[in-house]
Amino acid sequence: MAMEMRLPVARKPLSERLGRDTKKHLVVPGDTITTDTGFMRGHGTYMGEEKLIASVAGSVERVNKLICVKALKTRYIGEVGDIVVGRITERRRSAEDELAMRGFLQEGDLISAEVQAVFSDGAVSLHTRSLKYGKLGQGVLVQVSPSLVKRQKTHFHDLPCGASVILGNNGFIWIYPTPEHKEEEAGGFMANLEPVSLADREVISRLRNCIVSLVTQRMMLYDTSILYCYEASLPHQIKDILKPEIMEEIVMETRQRLLEQEG
Amino acid sequence: MEEEMHTDAKIRAETGAGSSPRGPGCSLRHFACEQNLLSRPDGSASFLQGDTSVLAGVYGPAEVKVSKEIFNKATLEVILRPKIGLPGVAEKSRERLIRNTCEAVVLGTLHPRTSITVVLQVVSDAGSGAQLLACCLNAACMALVDAGVPMRALFCGVTCALDSDGTLVLDPTSKQEKEARAVLTFAVDNVERKLLMSSTKGLFSDAEFPSSAKLGPLPGSSSAWLRPRRLRNTSSASTGNRCRGVTPRAETSWGRGPLPPPPPTHPLQPEANQRPSLASRSYGLM
């Protein structure tokens, strides 16, 4: 069986090849953002001697009079109402917990839930508010940086290509086959373990590779961008999507379609 | 997915140092940095300088033990692991120097009652202690940036050696270090090129230490970090090598004399002089 190997190589940023000026003001800690004192300072900045100085490495974002620096890589900070996907690593060993939860959720299960409250030290408490949350059955998990998941009204999407996706705000993305009918009675605690058909598996693999290529080019992830990327990747074989040159081509096409759609 | 920022930089002085025997001036050996290598820490970086290479990982801001917590700022912890053997006194001393440097730049007041841990692992070591310290400082800074820890400024570590006739060599090799009369390691910040930390070993005079023109209190809300004091000649002959680790809070000393060459521009800003000036970046009010 022939195997292809690639060695790591420095890649050019996508914007250069597109030939457009990104107009992003990139800063590192200690850089002066502006000497105008009329601005309010947001996250990632501090005031020093009549100047606004950046405290993290990232791009400057301005909303009216508020200037903040969005760091390139951030840890996930929970907010009430976020959807998160995660794996149970540890659980409380108390009597009520044993009675109530053991039957449904075990250690090692993958679940989707919503953030109910945030504690002062950063910990979040989750709840499965309705039956659409709960244990996740068969599918593929992709871990990306939390800053790449766009905040939307809903994070559960049924894509027309034949699979569904849950975009967790914490960067965990779950791709699974669309269930044929909504099983209201079973609820979110019974995992569907029926075998998945080859067609569905191919769709899921292609979606996973598309998401990986979008993340490599640092594009925001939301249902439209994933769908356009999927459609752009159809001419290629699934395993070819991860090759750098094909990845760039697909993402460029996705970018163009998104710009056309906006403009 | 991994994001790699490979920055290979070679900085040579205009006087044109030769390829193998480097003359005096601002010539540094090859150095490279890579970020976001490790998946578990919040930030990680690998820094390679000459023959020395250090891997750094930053965890934080995270939970801190009640015994170690500080009510109004973050507790910074540095752990340095040598390439072979267990960590000893030399590692503890370097950890303290690196910790004090990091504490001077990290905005700890934004994360009170948390801990920020920097773990440094020596991957390859040319055998020179001073080079290792500079490499550790650089790796720690890059890892802190990768983790998104808010900092007042970036800092870099640089080593220089003074040989017997007073010429200053930047980034000395092990051989040059052994033959030198004094070896000095500095940590400098990128905002105003002020000195954050200096660690010296050997004999040198007032005049040879950086001039007072470039040193002074750190900018911002901090009070005067450095206070002037007359320099005492540190002798290395009889007492062995006395390493003076000077922290920003302690007293440091400077004298008058020629300024050593400016430290290299930071790897993240190789095109610093080509970036548009502030005037062209106007954030006009709408």
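Counting of residues starts from 1 at the beginning of each chain's written sequence and follows it residue by residue. Here every chain gets a letter starting at A, and every ligand a number starting at 1, in the order they are written. Only residues with pLDDT of at least 70 are given local features in this predicted model, and only at 80 or more are side-chain atom pairs given and counted; all residues enter the totals for whole chains, interfaces and linings. Only heavy atoms go into the side-chain values, all of them from the structure, while hydrogens and water stay out.

Peer 1: Help me understand the overall build of chain B in this model?
Peer 2: Each helix corresponds to a stretch of at least 4 residues labelled H or I by DSSP, and each strand to a stretch of at least 2 residues labelled E; elements are numbered beginning at the N terminus. Scanning chain B for helices and strands turns up 3 helices and 10 strands. Mapped from its N terminus to its C terminus, chain B presents α and β elements in the order β-β-β-β-α-β-α-β-β-α-β-β-β. Buried positions account for 50% of the 286 residues belonging to chain B. For the area figures, the Shrake-Rupley method with a 1.4 Å probe applies, and any residue is considered shielded solely by the protein chains shown. Of the roughly 13,700 Å² of accessible surface on chain B, a fraction of 53% belongs to carbon and sulfur atoms. Buried, partly exposed and exposed residues are distinguished by accessible area as a fraction of the type maximum, computed with a 1.4 Å probe on protein chains only: under 20%, between the cut-offs, and over 50%, respectively.

Peer 1: Even after reading the chapter, I still don't get the packing of aromatic side chains, so can you show me in this structure?
Peer 2: Each aromatic ring pair is described using two quantities: the centre-to-centre distance and the angle formed by the ring planes. Residue and element names in this part refer to chain A. Put simply, two rings from Phe, Tyr or Trp (the six-membered ring, in Trp's case) pair if the centres are within 6.5 Å, and we call them stacked under 30 degrees between planes, edge-to-face over 60, tilted for the rest. All told, the structure shown has 2 aromatic pairs over all chains when counted by the stated rule. With 5.5 Å between their ring centres and 75° between their planes, Tyr133 and Phe156 make a pair best called edge-to-face. Highlighted residues: Tyr133 in the loop between strand S10 (124-127) and strand S11 (134-135) and Phe156 in strand S13 (residues 156-158), separated in sequence by 23 residues. On the basis of relative accessibility, which here comes to 4%, the residue Tyr133 falls in the buried class. With a relative accessible area of 17%, Phe156 lands in the buried category. The rule for a charge over a ring is simple: NZ of Lys or CZ of Arg within 6 Å of the ring centre, and within 35 degrees of the ring normal. The cationic tip of Lys150 hangs over the ring face of Tyr222; the distance from NZ or CZ to the ring centre is 4.2 Å. Positioned above the aromatic ring of Tyr228 is the side chain of Arg257, whose terminal nitrogen or guanidinium carbon lies 3.9 Å from the ring centre.

Peer 1: Help me understand the pattern of salt bridges in this model?
Peer 2: Side chains that carry opposite charge are capable of pairing whenever their charged atoms lie near each other. What counts as a salt bridge is simple: a side-chain nitrogen of Lys or Arg found within 4 Å of a carboxyl oxygen of Asp or Glu. In this structure the tally under the stated criterion is 18 salt bridges over all chains. Across the salt bridge formed by Arg29 of chain B and Asp51 of chain B, the nearest N and O atoms sit 3.9 Å from each other. Residue Arg29 of chain B is located in the segment before strand S1 (31-35), and its partner Asp51 of chain B is located in the loop between strand S2 (43-49) and strand S3 (52-62); the two are separated by 22 residues in the primary sequence. Arg29 of chain B serves as the salt-bridge partner of Asp171 of chain B, at 3.5 Å between the closest nitrogen and oxygen. With Asp171 of chain B in the loop between strand S7 (168-170) and helix H3 (174-179) and Arg29 of chain B in the segment before S1, this pair connects stretches of sequence that are 142 residues apart. The class of Asp171 of chain B is buried, set by a relative accessible area of 2%. If you follow the salt bridges from partner to partner, you end up with Glu4, Arg6, Asp240, Lys243 and Glu245 of chain A in one network.

Peer 1: Can you help me understand the nonpolar core in this one?
Peer 2: Throughout this description, the term nonpolar core refers to a set of buried Ala, Val, Leu, Ile, Met, Phe, Trp, Tyr and Cys residues connected via side-chain atoms within 4.5 Å. Core analysis: the largest hydrophobic core is formed by 56 residues, its most contacted members being Val58, Ile98, Ile116, Leu120, Leu144, Met151 and Phe186 of chain B. A total of 13 residues in this core trace back to one element, the largest contributor, which is helix H2 (residues 129-147) of chain B. Not counting the four nearest positions on each side in its chain, Met151 of chain B is found in contact with Pro29, Tyr46, Ala54 and Ser55 of chain A together with Val105, Val106, Leu107, Cys141, Leu144 and Val145 of chain B. With 33 residues, the next largest nonpolar core counts Cys161, Val165, Leu221 and Ile226 of chain A among its residues. Between two residues, a contact is recorded if the distance between any of their heavy atoms is within 4.5 Å.

Peer 1: Got a minute to help me understand the domain arrangement of chain A in this structure?
Peer 2: Quite often, the size of an interface is put as the accessible area lost when its parts meet. Throughout, the edges of the domains are those of an automatic or database domain assignment. Assigned domains of chain A: these are domain 1 (25-71) and domain 2 (82-97 + 104-262). Taking the mean C-alpha position of each, domain 1 of chain A and domain 2 of chain A sit 33 Å from one another.

Peer 1: Would you mind showing me how to read unusual backbone geometry here?
Peer 2: Note on backbone geometry: most residues besides glycine have negative phi, and most peptide bonds are trans. The omega torsion of the bond from Gly60 of chain B to Pro61 of chain B falls at -5°, within 30 degrees of zero and hence cis. With respect to the secondary-structure elements, Pro61 of chain B resides in strand S3. Of note in the backbone geometry, Glu50 of chain A takes a positive phi value of approximately 70° without being a glycine. By secondary structure assignment, the location of Glu50 of chain A is in the loop between strand S4 (45-48) and strand S5 (51-54). Look at Arg218 of chain A: it is not a glycine, yet its phi comes out positive at around 55°. Take Arg218 of chain A: it is sitting in the loop between helix H3 (198-216) and helix H4 (223-233). Exposure remark for Arg218 of chain A: the relative accessible area of 32% places this residue in the partly exposed category.

Peer 1: What's the story with a nonpolar patch on the surface in this structure? I'm lost.
Peer 2: Any residue with relative accessible area above 30% and no salt bridge may belong to a patch, with like charges joined within 9 Å and the nonpolar Val, Leu, Ile, Met, Phe, Trp and Tyr side chains within 5 Å. On the surface, Val80, Val118, Val124 and Leu126 of chain A cluster together into a nonpolar patch covering about 300 Å² of accessible area. Summarising the element assignment, Val124 of chain A is placed in strand S10.

Peer 1: Whenever I open this one, the packing of helix H1 (residues 89-105) of chain B against H2 of chain B confuses me. Can you help?
Peer 2: Residue and element names in this part refer to chain B. To get an axis, fit a line to the C-alpha atoms, keeping to the stretch in contact for a helix; angles then go from 0 to 180 degrees between the N-to-C directions. As a packed pair, H1 and H2 sit with axes 10 Å apart at the nearest point and diverge in direction by 40°. In terms of axis orientation, H1 runs oblique to H2. For the element pair H1 and H2, the recorded crossing hand is right-handed. The segment H1 lies against H2, with Arg94, Leu97, Ile98, Thr101 and Cys102 engaging Gly129, Leu132, Leu133, Cys136, Leu137, Ala140 and Leu144. Gly is placed with the polar residues, together with every amino acid not listed as nonpolar (Ala, Val, Leu, Ile, Met, Phe, Trp, Tyr, Cys and Pro) or charged (Asp, Glu, Lys and Arg). Of the residues that constitute the contact of H1 with H2, the class distribution is 9 nonpolar, 2 polar and 1 charged. What sets the label is the angle itself: under 35 degrees gives roughly parallel, over 145 gives roughly antiparallel, 65 to 115 gives roughly perpendicular, and the rest give oblique. Helix crossings fall into two classes, left-handed where the near helix is turned counterclockwise from the far one by less than a right angle and right-handed where it is turned clockwise.

Peer 1: Help me out: how do you make sense of the sheet that holds strand S5 (residues 115-124) of chain B in this one?
Peer 2: Strand pairing in a sheet is mediated by backbone hydrogen bonds. Such pairs are either parallel or antiparallel. Residue and element names in this part refer to chain B. For two strands to pair, DSSP has to find at least two bridges joining them. Spatial strand order, S1-S2-S3-S5-S4: 5 strands in an open sheet with mixed pairing. Two strands in the sheet have a free side with no partner beyond their single neighbour: S1 and strand S4 (75-81). For this sheet, the mean angle separating the axes of adjacent strands, direction not counted, is 15°. The sheet strands contacting H1 are S4 and S5, and the helix crosses S4 at an angle near 145°.

Peer 1: Explanation requested: the UniProt feature "domain: Exosome complex component N-terminal" (unreviewed entry) in chain A in the structure shown.
Peer 2: The UniProt record annotates "domain: Exosome complex component N-terminal" (unreviewed entry) at residues 26-63 of chain A. A helix fraction of 0% and a strand fraction of 55% characterise residues 26-63 of chain A, whose end C-alpha atoms lie 16 Å from each other. UniProt positions are given in the numbering used here, feature names are shortened, and annotations may be inferred rather than shown by experiment.

Peer 1: What am I meant to see in the sheet that holds strand S3 (residues 40-41) of chain A here?
Peer 2: Residue and element names in this part refer to chain A. The sheet built from 4 strands is open, its strands ordered S1-S6-S7-S3 with mixed pairing. Edge positions in the open sheet fall to strand S1 (26-27) and S3, since each of these has one partner strand only. Two elements, strand S6 (residues 58-63) and strand S7 (residues 66-71), share 6 bridges in a ladder whose sense is antiparallel. Counterpart to Val60 in the pairing with S7 is Val69.

Peer 1: Just to check I follow, could you spell out the packing of H4 of chain A against helix H5 (residues 244-262) of chain A for this structure?
Peer 2: What describes two packed helices is the angle between their axes and the distance between those same axes. Residue and element names in this part refer to chain A. One way to put it is that H4 packs onto H5 with a least axis distance of 9 Å and a crossing angle of 130°. Between H4 and H5, the angle falls in the class oblique. Both H4 and H5 take part in a crossing whose hand is right-handed. On H5, the residues touching Thr224, Ser225, Tyr228, Cys229, Glu231, Ala232 and Ser233 of H4 are Ile250, Glu253, Thr254, Arg257, Leu258 and Gln261. For the contact of H4 with H5, the residue count by class is 5 nonpolar, 5 polar and 3 charged.

Peer 1: Would you mind showing me how to read H2 of chain B here?
Peer 2: The periodicity of an α-helix, 3.6 residues per turn, causes residues three or four places apart in sequence to face the same way. Residue and element names in this part refer to chain B. When the terminal C-alpha atoms of H2 are compared, their 27 Å separation across 19 residues agrees well with the 27 Å that a helix rising 1.5 Å per residue should span. For H2, a buried count of 18 out of 19 residues is recorded, marking the element as mostly surrounded by other parts of the structure. Count one or two residues on from H2 and you reach Gly148, which has phi positive near 75°. By definition here, a helix of n residues has an expected span of 1.5 Å times n minus one.

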